[in-house]
Amino acid sequence: MKTSSLLSVFLVCLWSSVALAKAQPSSVNVGVVLAMDSLVGRVGNMCISMALQDFYKDHPDFTTRLTISWRDSGSDVVQAAAAALDLMKNVEVQAIIGPQTSAEAKFLVALANISQVPLLSFSATSPSLSSTNTPYFVRATINDSVQAKPIAALFKAYGWRQAVAIYEDTEYGAEFIPYVNDALLEVGSRLQHRTVLPTSASNELIDEELYKLTTMQTRVFIIHMTSPIAARLFLRAEQLGMIRKDYVWIITDGLSTLLDSMDPLIIASMQGVLGVKSYIEKTKRLANFTARWKLYYREEYPKEIEIPPLNAFGPRAYDATWALALAVKKSGTRAIKFRQPIARKLTRNSTDLLTLGISPVGPRLLGAILATKFTGLTGDIRFPNGEIHDSIFQIINIIGKGTREIGFWTPMYGLSPDLNRTALKKKNGYSASVVDLRPVIWPGEPTLVPKGWVIPTNGVKMKIGVPIKDGFKEFVKVDRDPIHNELRVTGYSIEAFYGVLKVLPYALPYEFIPFEDSEGKMAGSYDDLIYQVFLGKYDAVVGDVIITANRSNYVDFTPPYTKSGVSMIVPTKKMLRGWVFLQPLTWELWVTTTCFFFIMAFVVWVLEHRINKDFRGPVIEQVGRALYFSFSTLVFAHRDQVKSNLSRFVIILWLFAVLILSNNYTANLASILTVQQLQPAFTNVHTLIKNGDYVGYSSNSFVQNLLLKLGFHESKLRPYGTVEEYKNAMLKGSSCGGVAAIFDQVPKIEVFLSYYSDKFTMAGPTFPTGDYGFVLPKNSLLLSDFSTAILNITQGGKMEAIKKTWFGKKIVEPDSSSPDTARIRLSLSCFWGLFLIVGVASFAAVIWFCIRFWIENRNSITLDELGLWQRVKEIARLFNERNSSHIFRKRKSEKEVEFKTFCALATMGSFLSFTASRKGHYNGAITPTLGSSASEDNPSIESLSPMDYSGDNALIQCRDIP
């Protein structure tokens with residue numbers, strides 16, 4: 001009895017203890033490592049506390065509670081590491097919120113990987129903290145590398161080509177620069193210079209670096225640094241006069257986020273600055289939280305007069321804490337002692353790192369954090385690849401005491417003035433244009449977009465390289481004054497350069513430097529001259545320089561200021577005019593047309609032979625008549641009448657074809673007769689190659705390489721440099737020490753022909769090449785302005801005036817109607833459709849005639865007992881017979897009588913008058929004639945009575961008139 005009672009009491013006590021244990025929430029230790037004296041640290045601490053209060057208020061049934069252990073990093077990497085080591089070793093925290101900076105995080109992740117304690121940071125943004133190398137680091141904020149693309153989009157929108165990056169010498173500053181450089185390269189821009197400042201830089205050092213930047217061309221600066229050093233930088237820049245017209249300053253997200261909490265004096269020095277800022281949607285929940293936070297801040301810091309604005313780090317700290325609390329609950333994490341690593345042998349001299357234990361729940365808790373999904377204050381919270389991927393950015397403009405929103409950037413649509421979903425869908429893809437942003441107030445308050453660069457203030461002139469030419473000095477001519485040792489450079493290309501300088505909106509100091517050797521000759525080829533720009537010896541090259549793909553690999557070219565191409569100059573010869581009339585048509589078209597004349601003669605003869613007496617008679621007479629009729633249609637001189645409608649149908653189509661052929665023949669013959677009397681001696685490049693002729697080319701040019709590609713042997717090429725050398729070489733000829741032709745650029749050929757157009761001509765095909773352009777270094781800031789200026793002078797007619805000045809009115813323009821191109825012979829392919837129509841119609845008419853012939857004569861033909869030859873003869877006999885029953889044998893016009901006919905009868909001495917009504921006609925098919933002669937078909941007038949002339953409503957009277 002006693003035993004059973006004791007057992008019952010024991011079970012009741014055990015049940016009570018278990019129920020009590022279940023009722024009491026378990027505690028999970030979590031550490032927080034932040035700089036408590038910084039604004040970000042204070043805001044983060046308060047938001048972490050508020051997050052825990054709100055979380056357990058919304059989830060009162062959760063039996064786990066996060067117990068926070070606070071540690072101050074003091075904004076120092078070593079102190080932050082010591083604080084984290086203390087939390088892991090002594091407190092055995094299961095997770096750490098923080099650290100605050102990227103430099104601190106980079107050291108702490110090593111401890112986290114060893115102890116398997118997840119780090120959850122809401123402010124460490126360095127791209128080097130990747131999930132691959134730091135698996136226990138979870139970033140609850142935006143990676144800095146993401147904002148490189150919106151910055152590049154601004155460069156594309158405003159057309160800036162180069163930039164200077166100014167960043168602090170920390171993990172946060174240095175790791176971002178490669179990403180922004182890559183993003184700029186994608187849009188055709190680049191970082192020209194990088195300025196690194198230590199966080200402890202003195203004002204003197206900042207002034208020194210800023211002064212260096214004022215001597216450079218680039219005026220676009222990308223600032224990536226924390227607020228303390230950035231504030232001093234902008235104050236010094238304003239004092240040096242760098243926050244003014246022509247300057248562009250762009251700040252990154254880390255600084256843009258803290259603008260609301262910066263000193264008004266600092267904001268005043270940043271007027272016109274652009275900023276890229278991660279976007280957090282302004283929801284009602286966020287507004288309520290901000291109001292509560294202000295009350296909480298007032299309770300925590302009652303002595304402070306002003307409450308600082310809530311920056312983006314506060315809501316991100318709130319969401320990071322909420323995510324950790326959810327993960328702890330889902331993973332079932334409990335306060336469990338760290339286990340010591342078995343493989344690590346401990347000694348008396350073991351350091352704290354060697355004695356650091358491993359969290360048994362760390363991997364499970366990390367997996368729960370990465371799988372967490374919920375909607376927080378900053379939007380949808382999830383951690384693919386260990387960090388938040390929400391990447392919408394605001395583009396802001398600092399104006400007055402605050403900022404103004406000028407647009408947004410999204411990965412799918414690029415820049416846009418707002419985030420209206422309907423408007424974004426209408427964009428139809430990514431774009432980055434000025435129209436996608438609202439107007440910006442730039443430094444110095446100008447509304448005109450800065451071009452991003454200026455002429456350097458150090459007074460250095462641009463070094464312009466020019467070629468030294470022995471011939472064709474119309475393009476570039478270099479003269480030296482031996483007395484004053486002054487250089488004078490003139491020519492068509494130089495005048496074009498002067499025209500560009502006049503259009504530029506600023507003065508451009510320069511000096512010409514001839515590319516010459518010690519003897520005053522050209523120091524190499526044009527390729528060598530251009531390569532000097534790549535080497536930095538020249539800042540540009542001006543001259544008759546051809547734009548080629550190979551040269552574009554290491555320099556940039558402006559748009560062409562004149563057209564070019566490569567053709568050949570050849571001697572001319574007299575044309576033989578005797579047979580020029582045969583040249584308009586090809587032989588195939590001549591043969592086809594002639595054949596159709598014979599075909600039409602045969603078709604008309606077949607259709608008219610049985611019913612038209614003009615096509616009857618002896619065979620020779622019929623052949624002559626038919627051929628005469630057919631060929632006379634060429635000049636529309638046919639006089640024979642046709643009786644059959646089928647003939648008329650065929651002849652109408654044939655006359656239409658003849659009309660088209662004759663008109664085209666006449667036009668082409670006229671063009672041949674109006675071209676110049678001289679013809680080129682050669683027109684085919686392959687003929688020169690086949691004959692093994694020598695050819696010339698312009699020395700020191702790329703034309704030699706072109707000729708080698710065309711198939712000329714190098715031994716057959718001879719270089720020449722002047723107009724006189726061209727003339728003498730071609731007059732000698734290939735067999736007498738000269739050349740058969742000379743290949744050169746079309747502008748130089750025009751100059752040559754302006755002197756010798758009576759003896760030589762441009763012939764053969766024009767090989768397309770690059771045109772003449774000016775040479776600039778790769779990614780030159782002058783390229784855009786030079787391009788605009790060249791388009792202005794070429795489209796405005798100024799280049800034509802310069803051309804006439806240097807080449808005179810004798811210049812020979814490339815003529816599309818040159819002898820080779822004017823005599824484009826008409827071929828059969830141009831008219832095959834016309835011949836097809838006429839041929840089909842003629843064939844159909846003959847077939848229809850044969851069908852009618854058979855139907856009309858089938859009863860007269862008895863072919864059953866005849867052989868093949870007899871059948872043919874019988875059909876031919878019937879065909880040769882005249883068809884007297886043809887109803888259209890006499891035309892209606894022969895039956896009609898004029899209203900009044902007067903016939904003089906000389907033999908009778910009288911005058912016979914016939915009158916008839918408009919509808920009157922002869923009864924039958926008879927024609928009265930004068931005189932006594934009469935026949936069966938043609939009775940005399942005397943033999944007819946008035947009744948023979950009667951018709952419908954007609955009365956014809958015949959009487960003698962004295």
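Below you will find a few notes about this structure. (Residues numbered from 1 in each chain as written. Predicted model: local features only at pLDDT ≥ 70, side-chain atom pairs only at ≥ 80, totals over all residues. Heavy atoms only, no water.)

A few words on the overall build of the chain. Counting secondary structure elements, the chain contains 30 helices and 31 strands. Every one of the 962 residues in the chain was classed for burial, and the buried ones make up 48%. The long-range fraction of contacts in the chain, counting pairs at least 24 apart against all pairs at least 6 apart in sequence, stands at 71%. (Helix = DSSP H or I, 4+ residues; strand = E, 2+ residues; numbered from the N terminus. Buried < 20%, exposed > 50% of the residue type's maximum accessible area, 1.4 Å probe, protein only. Contact = heavy atoms within 4.5 Å.)

What follows covers the pairing of strand β16 (residues 462-467). Of all 6 residues making up β16, 5 are buried, and the element is well covered by its neighbours. Pairing geometry for β16 and strand β19 (residues 510-515), over 6 bridges, is parallel. Along β19, the bridge assignment pairs V466 with P514. Where β16 and strand β20 (residues 540-541) come together, 2 bridges link them in parallel fashion. For G465, the partnering residue across the bridge sits in β20 and is V541. (Pairing = 2+ DSSP bridges.)

Between helix α2 (residues 39-58) and helix α12 (residues 284-300), the least distance of the axes is 11 Å, while the angle of their chain directions is 115 degrees. With respect to α12, the axis of α2 lies roughly perpendicular. Of the two elements, α2 crosses α12, and the hand of that crossing is right-handed. Of the residues in α12, those touching α2 at R42, V43, M46, C47, S49, M50, Q53 and D54 are F289, R292, W293, Y296, Y297 and E300. (Axes fitted to C-alpha atoms, helices over the stretch in contact; angles between N-to-C directions. Parallel < 35°, antiparallel > 145°, perpendicular 65-115°, else oblique. Left-handed = near helix turned anticlockwise from the far one by under 90°.)

Attention now moves to the sheet that holds strand β14 (residues 402-410). One open sheet accounts for 8 strands, arranged β7-β6-β8-β9-β10-β13-β14-β15; its pairing is mixed. Edge positions in the sheet fall to β7 (190-197) and β15 (414-416), since each has one partner strand and no second. Across this sheet, the average inter-strand angle for adjacent strands is 25 degrees, counted without regard to direction. Strand direction decides the pairing type here: strand β13 (residues 393-399) and β14, joined by 7 bridges, are antiparallel.

Along the polypeptide, T594 turns up in helix α18 (residues 587-608). When the C-alpha atoms of T594 and F631 are compared, they prove to be 9.1 Å apart, with 37 residues separating the residues in sequence.

The subject of this paragraph is the sheet that holds strand β1 (residues 26-34). Think of a sheet as strands paired side by side through backbone hydrogen bonds, with each pair either parallel or antiparallel. In spatial order, the strands read β2-β1-β3-β4-β5; together these 5 strands make up an open sheet with parallel pairing. Bordering the open sheet on either side are β2 (64-72) and β5 (137-139), each of which pairs with just one other strand. In this sheet, neighbouring strand axes are inclined to one another by 25 degrees on average, regardless of whether the strands run parallel or antiparallel. Where strand β3 (residues 95-97) and strand β4 (residues 119-121) come together, 2 bridges link them in parallel fashion. What sits directly across from I97, in β4, is L120. On the sheet, helix α13 (residues 313-331) packs against β1, β2, β3 and β4 and is oriented at approximately 135 degrees with respect to β2.

Right, let's talk about the nonpolar core for a bit. Residues L66, I96, F155, W160, W293, L324 and L415 are the most contacted members of the largest nonpolar core, which totals 109 residues. With 11 residues, α13 is the largest single contributor of residues to this core. Sequence-distant contacts of W293, defined by excluding residues within four places in its chain, comprise V43, M46, C47, M50, I307, P308, P309 and L310. Formed by 67 residues, the second largest nonpolar core is a distinct cluster that contains V685, A729, I802 and F807. (Core = buried A, V, L, I, M, F, W, Y, C linked by side-chain atoms within 4.5 Å.)

In this model, G98 is joined to P99 through a cis peptide bond whose omega is 0 degrees. You can see P99 is positioned in the loop between β3 and α4 (102-115). The phi dihedral of S75 is positive, around 55 degrees, even though this residue is not glycine. Note on placement: S75 falls in the loop between β2 and α3 (77-91).

Structurally, the α-helix is built with 3.6 residues per turn, so residues lying three or four positions apart point the same way. Taking 1.5 Å as the rise per residue, helix α9 (residues 227-239) with 13 residues should run 18 Å; its terminal C-alpha atoms sit 18 Å apart, in good agreement. Those residues of α9 that sit buried are I229, A230, A231, L233, F234, R236 and A237. Just downstream of α9 lies G241, where phi reads positive at about 75 degrees. (Expected span 1.5 Å × (residues − 1).)

In this structure the tally under the stated criterion is 43 aromatic pairs. Both rings, one in W160 and one in W442, keep their centres 5.8 Å apart while their planes meet at 80 degrees; by these two values the pair is edge-to-face. Here W160, found in the loop between α5 (148-158) and β6 (162-168), pairs with W442, found in the loop between α15 (421-426) and β16; they are 282 residues apart in sequence, far enough to count as distant. Each member of the pair, W160 as well as W442, is classed as buried. Relative to F743, the ring of F712 lies with its centre 5.7 Å away and its plane at 65 degrees, an arrangement referred to as edge-to-face. Separated by 31 residues along the polypeptide, F712 in the loop between α22 (703-710) and β25 (717-720) and F743 in strand β26 (residues 741-745) bring together distant segments of the chain. The class of F743 is buried, set by a relative accessible area of 0%. One aromatic cluster is present, built from ring pairs that chain together F475, Y492, F497, Y498, Y510, F512, Y561, Y772, F774 and F786. One residue, K329, lies across the ring of F62, its end atom 5.1 Å from the ring centre. (Phe/Tyr/Trp six-rings, centres within 6.5 Å; stacked < 30°, edge-to-face > 60°. Lys NZ or Arg CZ within 6 Å of the ring centre and 35° of its normal.)

On the secondary structure map, S256 appears in helix α10 (residues 253-256). The exposure class of S256 is buried, given its relative accessible area of 2%. Polar side-chain contacts of S256 include one of 3.3 Å to the backbone oxygen of V276. With sequence-adjacent residues up to four places away left out, S256 is seen in contact with I251, G275, V276, K277 and I396. (Polar contact = N/O pair within 3.5 Å; in protein donor to acceptor, adjacent residues only side chain to side chain.)

Along the polypeptide, S416 turns up in strand β15. From its side chain, S416 meets the backbone oxygen of D418 in a polar contact 3.0 Å long. Each residue touching S416, except ones within four places of it in the same chain, is listed here: G407, F408, L424, K427 and D436.

The complete set of buried residues in helix α7 (residues 177-186) reads I177, V180, N181, A183 and L184. Each buried residue of α7 sits inside an arc of 165 degrees when the element is viewed along its axis, so together they form one side. Residues of α7 that are buried in the fold lie against α5, β6, α6 (171-174), β7 and β8 (220-224). One or two steps after α7, the chain reaches G188, where phi turns positive at roughly 85 degrees. (Arc of directions from axis to C-beta.)

Here we take up the environment of A601. For A601, the position within the fold is in helix α18. Of the residues examined, A601 reaches a relative accessible area of 4% and is grouped as buried. Separated by 29 residues in sequence, A601 and S630 place their C-alpha atoms 5.0 Å apart.

Examined against the element boundaries, E724 turns out to sit in helix α23 (residues 723-732). For the pair E724 and F752, spaced 28 residues apart in the sequence, the C-alpha separation amounts to 9.0 Å. Only 3.2 Å separates the side chain of E724 from the side chain of K727, close enough to count as a polar contact. Engagement of the side chain of E724 in a polar contact is seen with the side chain of Y756, the distance being 2.5 Å.

Bringing a nonpolar patch on the surface into the picture now. On the surface, F843, I847, W848, I851, W854 and I855 cluster together into a nonpolar patch covering about 640 Å² of accessible area. Counting through the fold element by element, I851 comes out in helix α28 (residues 832-857). (Patch = residues over 30% accessible without salt bridge, like charges linked within 9 Å, V, L, I, M, F, W, Y side chains within 5 Å. Areas by Shrake-Rupley, 256 points an atom, 1.4 Å probe, with all protein chains shown as cover. Salt bridge = Lys/Arg side-chain N within 4 Å of Asp/Glu carboxyl O.)

The subject of this paragraph is the packing of α3 against α4. Taken N-terminus to C-terminus, the directions of α3 and α4 make an angle of 25 degrees; their axes are 9 Å apart at the nearest point. The angle between α3 and α4 places the two elements in the roughly parallel class. Between α3 and α4 lies a crossing of right-handed hand. Each of V77, A80, A81, A84, L85 and M88 in α3 lies in contact with α4, whose residues at this interface are A103, E104, F107, L108, L111, A112 and S115. Broken down by class, the residue content of the contact of α3 with α4 amounts to 11 nonpolar, 1 polar and 1 charged. (Nonpolar A, V, L, I, M, F, W, Y, C, P; charged D, E, K, R; others polar.)

The next point concerns the pattern of salt bridges. The full count for this structure, using the stated rule, is 15 salt bridges. In this structure, the salt-bridge partner of K212 is E209, at a minimum N-O distance of 3.8 Å. Placement of the pair is K212 and E209 together in helix α8 (residues 203-214), with a separation of 3 residues, close to one helical turn. Taking the relative accessible area as the measure of exposure, K212 reaches 42% and is therefore partly exposed. Between E405 and R438 there is a salt bridge; the shortest N-O distance is 4.0 Å. Pair noted here: E405 is in strand β14 and R438 is in the loop between α15 and β16, with a separation of 33 residues, a long-range link. Judged by relative accessible area, which is 29%, E405 ranks as partly exposed. Three or more residues joined by partner-sharing salt bridges are found here, namely K469, D544 and K748.

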